[in-house]
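Fold and geometry: a report
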Amino acid sequence: MGQLIAVAVITVLAVISPGADFAMTVRNSYLYGRVAGVLAAVGIALGVLVHVTYTMLGVGLLVSRSPMLFTAMKLIGAAYLVYIGYKTFVAKSQVDVDLSDGAGLSKAGALRTGFLTNALNPKTMLFVLSTYTQVVSADTPVFQQVGYGLFMSFAHLVWFGLAAVFFSHESLRARLLRKQAVLNKVIGTVLVGLGMVLALTPAVA
């Protein structure tokens, strides 16, 4: 029971902490609608499972202890955030407020943005890795470890799914879209800033 509570608490704290995943969910939700926002949340949840899978296989520990591998992953993730941030920053605001779902972004594109945001996120990798190495013991049954991973993924899906529903609410979205010139600059700057911080973060020892 103590192990379960520890995993739950760590997961909740990690999920609600502001980061690139939240910025990406807000971006997709207000710009492209609820479907795009929810699909981004699904992608974020699937990205968590990538880290869970290779951590359970022992690869995560290898990456965290190899400065070269960790730096390569970190720079790829940082470059992706900077790219998306730049595209958002320079995006031209629409003259008319378009509240149709998915306008300008395919379902696959929405899913991909969320997935890559977390699959390439060293912060998510370290959260999963630290949980499995510090809380989950070697004696923990595999099915239980899988259950923890699924819980982590589900928690991300619920939190970011709720964020997508909130920021894609028709009345709120209409107001945000009228201010999209400013919001695009803010969200773009946040994503680029997160990417730069990620790139400059020292490799783990």
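Heads up: these notes are all about the structure in this document.

Conventions used here
Sequence order sets the numbering: in each chain, residues are counted from 1 along the sequence as written. Whole-chain, interface and lining totals are the exception, using all residues; otherwise, since this is a predicted model, local features are given only for residues with pLDDT of at least 70 and side-chain atom pairs are given and counted only at 80 or more. Derived side-chain values reflect all non-hydrogen atoms in the structure, with water molecules and hydrogen atoms excluded from consideration. Each helix corresponds to a stretch of at least 4 residues labelled H or I by DSSP, and each strand to a stretch of at least 2 residues labelled E; elements are numbered beginning at the N terminus. Relative accessible area decides the class of each residue, using a 1.4 Å probe on protein chains only: under 20% of the type maximum gives buried, over 50% gives exposed, and in between gives partly exposed. For this analysis, residues touch if any pair of their heavy atoms sits within 4.5 Å. Surface exposure here means Shrake-Rupley accessible area, sampled with a 1.4 Å probe, where a residue is shielded only by the protein chains that are shown. Here the axes come from fitting lines to C-alpha atoms, over the contacting stretch only for helices, and the angles between their N-to-C directions go from 0 to 180 degrees. With respect to orientation, any angle under 35 degrees is reported as roughly parallel, any angle over 145 as roughly antiparallel, any angle of 65 to 115 as roughly perpendicular, and every other angle as oblique. Only Asp, Glu, Lys and Arg are considered charged, only Ala, Val, Leu, Ile, Met, Phe, Trp, Tyr, Cys and Pro nonpolar, and every remaining residue, Gly among them, polar. Throughout, the protein atoms alone are placed on a 1 Å grid, and a set of points is a cavity if a 1.4 Å probe fits but cannot get out or a pocket if it is open with protein on both sides within 12 Å along at least five of seven lines; lining residues have an atom within 4 Å of a point. Grid points are joined across faces, edges and corners, and a volume is the space filled by probe spheres set on the points.

In terms of regular secondary structure, the protein is built from 10 helices and zero strands. Counting over 205 residues, the protein shows a buried share of 42%. The long-range share in the protein, meaning contacts at least 24 apart out of those at least 6 apart in sequence, stands at 90%. Carbon together with sulfur atoms contributes 73% to the accessible area of the protein, which is approximately 10300 Å² in total.

So, about the side chain of Asn-118. Summarising the element assignment, Asn-118 is placed in helix α6 (residues 107-119). Judged by relative accessible area, Asn-118 falls into the buried class, the value being 0%. In contact with Asn-118, not counting residues within four places along its chain, are Asp-21, Ile-44, Gly-47, Val-48, His-51, Thr-124 and His-156.

What follows concerns the packing of helix α2 (residues 20-32) against helix α9 (residues 170-178). A pair of packed helices can be characterised by two numbers: the angle between their axes and the separation between those axes. Between α2 and α9, the least distance of the axes is 8 Å, while the angle of their chain directions is 95 degrees. Classified by the interaxial angle, the pair formed by α2 and α9 is roughly perpendicular. The residues of α9 that touch α2, namely those facing Ser-29, Tyr-30, Leu-31 and Tyr-32, are Arg-173, Leu-176 and Leu-177. Tallied by class, residues from the contact of α2 with α9 come to five nonpolar, one polar and one charged.

Our next topic: empty space enclosed by the protein. A water-sized probe rolled over the atoms picks out the places where empty space is left. In this structure the tally under the stated criterion is one cavity of 30 Å³ or more. Roughly 40 Å³ of volume is contained in the largest cavity. Around the largest cavity, the lining residues are Gly-77, Tyr-80, Leu-81, Leu-116, Thr-117, Leu-120, Asn-121 and Leu-198. Those elements that provide at least two residues to the lining of the largest cavity are α5 (67-90) and α6. Counting residues per element, the lining of the largest cavity draws most heavily on α5, at three residues. Classifying every residue of the lining of the largest cavity by side-chain character gives five nonpolar, three polar and no charged.

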